[in-house]
Amino acid sequence: MAEQKKGKKQKLDISIDEQTADGVYSNLAVINHSRTEFVIDFLSVMPGSSKARVRSRIVLTPEHAKRLHRALGQNLRKYQSNFGDINTNDSVDIPLNLGFKGEA
């Protein structure tokens, strides 16, 4: 049946290969966007270094970016209710947008 009833959630069978399951360490993310997409570059930078290496890039539609934002917020609230407030060191100057102007 092509149509699904509203409010009924579809079960998603997720699989992951071994290399992807190992994950990639990132201690910095840079986010850029155009009208049609968000690009999140996950970087790894060594303390005291002025060079950072992009470890992974994720490209999202604006709708998926908003869903990710909401899901991260929900998970951060759950984490902090279990383990306490997360103390961030906001002395690091992180560029919010590096001028990505591409269109898909």
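Relevant structure appears above.
Residues numbered from 1 in each chain as written. Predicted model: local features only at pLDDT ≥ 70, side-chain atom pairs only at ≥ 80, totals over all residues. Heavy atoms only, no water.

Looking now at the overall build of the protein. In terms of helices and strands, the protein carries 2 helices and 3 strands. Listing every helix and strand of the protein by position from the N terminus yields α-β-β-β-α. Total accessible area computed for the protein in this model is approximately 9800 Å², and 53% of it derives from carbon and sulfur atoms. (Helix = DSSP H or I, 4+ residues; strand = E, 2+ residues; numbered from the N terminus. Areas by Shrake-Rupley, 256 points an atom, 1.4 Å probe, with all protein chains shown as cover.)

Okay, the environment of Lys 66 next. Turning to its location among the elements, Lys 66 is positioned in helix 2 (residues 62-83). For the pair Lys 66 and Phe 38, spaced 28 residues apart in sequence, the C-alpha to C-alpha distance is 9.9 Å.

Turning our eyes to something else, we now look at the pairing of strand 1 (residues 28-33). Side chains on a regular strand alternate between the two faces of the sheet. Both strand 1 and strand 2 (residues 38-45) contribute to a ladder of 6 bridges, which runs antiparallel. Within strand 2, the position partnered with Asn 32 by the bridge is Val 39. (Pairing = 2+ DSSP bridges.)

With that settled, the discussion passes to the sheet that holds strand 2. Taken in spatial order, the 3 strands of this open sheet run 1-2-3, and their pairing is antiparallel. Every interior strand has two partners, whereas the edge strands, strand 1 and strand 3 (52-60), have only one. Neighbour-to-neighbour, the strand axes of this sheet turn through a mean angle of 20 degrees, independent of strand direction. Sheet strands in contact with helix 2 are strand 2 and strand 3, and its direction is about 110 degrees off that of strand 3. (Axes fitted to C-alpha atoms, helices over the stretch in contact; angles between N-to-C directions. Contact = heavy atoms within 4.5 Å.)

Glancing now at the pairing of strand 3. The pairing of strand 2 with strand 3 spans 8 bridges and is classified as antiparallel. Bridge assignment links Asp 41 to a residue of strand 3, and that residue is Arg 57. A loop of 6 residues connects strand 2 with strand 3, the two strands running antiparallel in sequence, and Gly 48 in this loop sits at a positive phi of about 80 degrees.

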